[in-house]
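Breakdown of the fold
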Amino acid sequence: MPTIDVNGTSLAYTAAGPESGTAVVLSHSLFFDRTMFAPLAEILAGEGFRTVAYDHRNQGGSAPDRRDRLDMDTLAADAAALIEALGLGPCHFVGNSMGGFVALRLAARRPDLLLTAAALGSSAEAENRLEEYQQLFGVVEAHGPGVIIDVLLRVMFGATSLTSRPQLCDPWRTFMAQLPPAIAESVHGVIHRSGIEAELAGCATPVLAVAGSEDETYPQPISGRAIAEASGGQYMVVAAAGHSVALEQPERVAEQLLGHFATVRR
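A brief look at the structure comes next.

Here is what the cut-offs are and how they apply
- Residues numbered from 1 in each chain as written.
- Predicted model: local features only at pLDDT ≥ 70, side-chain atom pairs only at ≥ 80, totals over all residues.
- Heavy atoms only, no water.
- Pairing = 2+ DSSP bridges.
- Helix = DSSP H or I, 4+ residues; strand = E, 2+ residues; numbered from the N terminus.
- Axes fitted to C-alpha atoms, helices over the stretch in contact; angles between N-to-C directions.
- Parallel < 35°, antiparallel > 145°, perpendicular 65-115°, else oblique.
- Contact = heavy atoms within 4.5 Å.
- Nonpolar A, V, L, I, M, F, W, Y, C, P; charged D, E, K, R; others polar.
- Phe/Tyr/Trp six-rings, centres within 6.5 Å; stacked < 30°, edge-to-face > 60°.
- Buried < 20%, exposed > 50% of the residue type's maximum accessible area, 1.4 Å probe, protein only.
- Lys NZ or Arg CZ within 6 Å of the ring centre and 35° of its normal.

A few words now on the sheet that holds strand β6 (residues 114-120). Strand order in the open sheet formed by 8 strands is β1-β2-β4-β3-β5-β6-β7-β8, and the pairing between neighbours is mixed. Each of the sheet's edge strands pairs with one partner strand only, and the pair in question is β1 (3-6) and β8 (234-238). Here the average twist between neighbouring strands, direction ignored, is 25°. Pairing of β1 with strand β2 (residues 9-16), which is carried by 4 bridges, proceeds in the antiparallel orientation. Residue isoleucine 4 lies in a different strand from β2, and its bridge partner there is leucine 11.

Turning our eyes to something else, we now look at the packing of helix α4 (residues 130-143) against helix α8 (residues 183-191). Geometrically, a packed helix pair is captured by the angle between its two axes and the distance between the axes. The contact between α4 and α8 brings their axes to 9 Å, and the two run at 170°. Here α4 lies roughly antiparallel to α8, going by the angle between them. Contact residues: α4 offers Leu130, Tyr133, Gln134, Leu136, Phe137, Val140 and Glu141, while α8 offers Ile183, Ala184, Glu185, Val187, His188 and Ile191. In the contact of α4 with α8, the residues fall into 9 nonpolar, 2 polar and 2 charged.

Here the focus is the packing of aromatic side chains. Inspection of every chain in the model, using the stated rule, returns 5 aromatic pairs. When the ring of tryptophan 172 is compared with that of phenylalanine 175, the centres are 5.0 Å apart and the planes differ by 75°; the resulting orientation is edge-to-face. On the criterion of helical spacing, the pair formed by tryptophan 172 and phenylalanine 175 is a turn pair, its members being 3 residues apart in helix α7 (residues 166-177). When its relative accessible area of 10% is taken as the criterion, tryptophan 172 is described as buried. Its relative accessible area of 25% is what places phenylalanine 175 among the partly exposed residues. Aromatic ring contacts, followed pair by pair, group Phe32, Phe157, Trp172 and Phe175 into a single cluster. One residue, arginine 193, lies across the ring of phenylalanine 101, its end atom 4.0 Å from the ring centre.

Let us look at the environment of arginine 110. Inspection of the secondary structure puts arginine 110 in the loop between α3 (98-109) and β6. Residue arginine 110 is classed as partly exposed on the basis of its relative accessible area, which comes to 24%. Separated by 92 residues in sequence, arginine 110 and glycine 202 have C-alpha atoms that sit 13 Å apart. Apart from residues lying up to four places away in sequence, arginine 110 is in contact with Ala80, Glu84 and Arg105.

Before going further, it helps to examine unusual backbone geometry. Between glycine 89 and proline 90 the backbone carries a cis peptide bond, its omega angle lying at -10°. When you line up the elements, proline 90 lands in the loop between α2 (72-85) and β5 (91-96). Residue proline 221 is bonded to the preceding glutamine 220 through a cis peptide linkage, with omega at 5°. Considering the arrangement of structural elements, one finds proline 221 in the loop between β7 (207-212) and α10 (225-231). At phenylalanine 31, a position not held by glycine, the phi torsion is positive, near 75°. In this fold, phenylalanine 31 is placed in the loop between β3 (23-27) and α1 (38-46). Given the relative accessible area of 3%, phenylalanine 31 is considered buried.

Printed below as a string of structure tokens:
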């Protein structure tokens, strides 16, 4: 697992696909790590793209950090620095949930680095369930995610996955339950983010929003139409997927992404 020092931190990443291929950078959800994109990355690499999936600071194999350095603006700056340091730009940038917050900030602020942006199971808005998630933050900070793992799984996965796909959900149940209380610092950064709608007005980067039909965390129109309207982009809905749409329906997401990528030339 390679790491790279950028923007005052160390980020772990995994690359796949031909080095000559156009880069697709994959930015993961809170409570996951870069491996949530393994099925999607395999499909995209098979189509000739160079995929780079990385871990946010304070998550996965990347360096830990303190709360005041885990806001979404800092994470967006991390992503920009990663793209520049690895020579990946201009690239396609795909983020699920937390990674989507990063994708939208890059689309608005660093169009020089991006060919396209895609926000999956995400939002351009400030958190509209702050009080509820603040309570979750307190539990995770005190005890770690394991004590609320069933609640967390319902936040992160759709009903179809939870009821019929234990081979998908069970490994992530184990992964999330073992996360340390320090993950609460990243939770804080997510739930206290600012909205990005105003910055997306007149966005020069083509944006695709992908919503899961069973996403109860950011249901339509938040994760789909609202992002498209703010950015002047497009949106689509994936059936039988919840909040972790990139992981729950990678084939369908790949199909939409490939169409999105094809709208621009490198």
